[in-house]
Amino acid sequence: MFSTILSQYKATLSVFVVLLVIVVLEFLQVRAAIYPSLLPAFEWLKNSTPLGYIGTTYGSIYATVQAMHLLTMGTLGGLVLATDLRLLGVMFRTTPSEVISNGTHKAFKLTLIAAVLTGIFCAAGVADKVYYMPVFWVKMLALAAGAAFVFLIKQPLLSSKPHSEINPWIIRGMAITSILVWFTVAASGRWIGFS
Amino acid sequence: MSDSKKIGDKELAAISVSVIIFGGLTFHWVAEMISTVELLELAYGTVKLFNNPLVF
C-alpha cells in the first residue's frame, strides 16, 4: 500500500520533502547562520578575480555586458510571456500550445544561461554592495525558484502529454505562477539598479 | 471530467508548487507595498496617491 503510493506519487512526495526540508532549515535558522560566511566570497569576487577587476576598472565593458544582461532578461521575459499567454489562451490561439511551449523552451534554456553568465559579471563589479541588499537575495531566490519550476515541474508536465489531456486549470495556474515569478526576477533586478 | 483529465502525479506536483510559489510571491509583494506605505507615512505624515509627497 505504502510502496504503491510512493511509486505513484513520486513527484508530489518529492515536492513535499523539499518543502519540509526548507521549513526545517528556516526553523533552525540555517540561512541566517550561513549569510555572514558568504561575505568573504563576495569580497573575493570583487577584489581578487578578473571579473571584479574589469567590472570596477573598465566602465565601457561593464556597460556593454550590463546591456547584454538587460537584453537577455528582456528576451527571457518575452519567451515567458509568449509561452504563458498562449497557455492562458490570450494570444497565438491559432498555433498549438505544444508547438509554442516546446519551441520557446529551447530558446529559454540558452537565454537563461546567457542571463546568468552576464549577471555574474554585473554582480562581480558591485559584489560588496549587492551582498547587503535584501532585494538582490529576493532576485536570486526568485531566479532559483523560477528555474526549478520551469525545468522540474512545468516543462516535464507540458511535454509529457498533449495539453488537451491536462486539466486546463492546472495549465492556467502554472502560467500565472510562471508570469509572477519571472516578473519578480525582472522587478527585483531593476530594484537593484534603483538602489 | 473525462478519465484522461484525471489529476495524476505530475499534475498534483505542478498545482502544489504553483500554489506555494504564487502564495509566497503575493505575500512578498503585499508586504513590500505595506512597508512602503508605512515608510511614506512615517516620513510625510500622509500618503496622497497622484500627489508628490515632497510637496506639503
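On a predicted model such as this, the values are computed, not experimentally measured, just so you know. (Residues numbered from 1 in each chain as written. Chains lettered and ligands numbered in written order. Predicted model: local features only at pLDDT ≥ 70, side-chain atom pairs only at ≥ 80, totals over all residues.)

### Details of the overall build of chain A
Tallying secondary structure elements over chain A gives ten helices and zero strands in all. In sequence order, the secondary structure elements of chain A are arranged as α-α-α-α-α-α-α-α-α-α. By principal-axis analysis of the C-alpha atoms, chain A measures approximately 55 × 45 × 25 Å. For chain A, the residues scored as buried account for 28% of the 195 residues in total. Counting only contacts in chain A whose residues sit at least 6 apart along the sequence, the fraction spanning at least 24 positions is 80%. (Helix = DSSP H or I, 4+ residues; strand = E, 2+ residues; numbered from the N terminus. Buried ≥ 20, exposed ≤ 12 C-beta atoms within 10 Å, placed from the backbone. Contact = placed C-beta atoms within 7 Å.)

### A word on the overall build of chain B
Looking only at helices and strands, chain B has one helix and zero strands in total. Every one of the 56 residues in chain B was classed for burial, and the buried ones make up 16%.

### Quick look at the nonpolar core
Core analysis: the largest hydrophobic core is formed by 31 residues, its most contacted members being L76, F149, I153 and V181 of chain A together with A14 and V17 of chain B. The element best represented in this core is helix α9 (residues 134-158) of chain A, accounting for eight residues. If we ignore the near neighbours within four places in the chain, the residues touching A14 of chain B are I153, K154, L157, I170 and M174 of chain A. Judged by nonpolar contacts, the second largest core, of seven residues, contains V65, A123, A127 and F136 of chain A. (Core = buried A, V, L, I, M, F, W, Y, C linked by C-beta atoms within 7 Å.)

### Some points on the interface of chain B and chain A
Contact with chain B, which involves 17 residues of that partner, is made by 25 residues of chain A. Grouping the constituent residues of the side of chain B that touches chain A by class yields ten nonpolar, three polar and four charged. (Nonpolar A, V, L, I, M, F, W, Y, C, P; charged D, E, K, R; others polar.)

### A short note on helix α6 (residues 59-87) of chain A
When the terminal C-alpha atoms of α6 of chain A are compared, their 42 Å separation across 29 residues agrees well with the 42 Å that a helix rising 1.5 Å per residue should span. Of the residues trailing α6 of chain A, G89 of chain A is marked for its positive phi of about 80 degrees. (Expected span 1.5 Å × (residues − 1).)

### What to know about unusual backbone geometry
All names here are of chain A. Even without being glycine, Q29 reaches a positive phi, approximately 60 degrees. In this structure, Q29 sits in the loop between α2 (10-27) and α3 (30-34). For Q29, a count of 10 C-beta atoms within 10 Å gives the class exposed. Of note in the backbone geometry, F92 takes a positive phi value of approximately 50 degrees without being a glycine. For F92, the location among the structural elements is in the loop between α6 and α7 (97-125).

### Quick word on the environment of P40 of chain A
Inspection of the secondary structure puts P40 of chain A in helix α4 (residues 39-47). For the pair P40 of chain A and A175 of chain A, spaced 135 residues apart in sequence, the C-alpha separation works out to 39 Å.

### Some words on the environment of A13 of chain B
Note that A13 of chain B resides in helix α1 (residues 9-44). Along the primary structure A13 of chain B and L25 of chain B are separated by twelve residues, whereas in three dimensions their C-alpha atoms are 18 Å apart. Sequence-distant contacts of A13 of chain B, defined by excluding residues within four places in its chain, comprise A11, T12, V15 and I153 of chain A.

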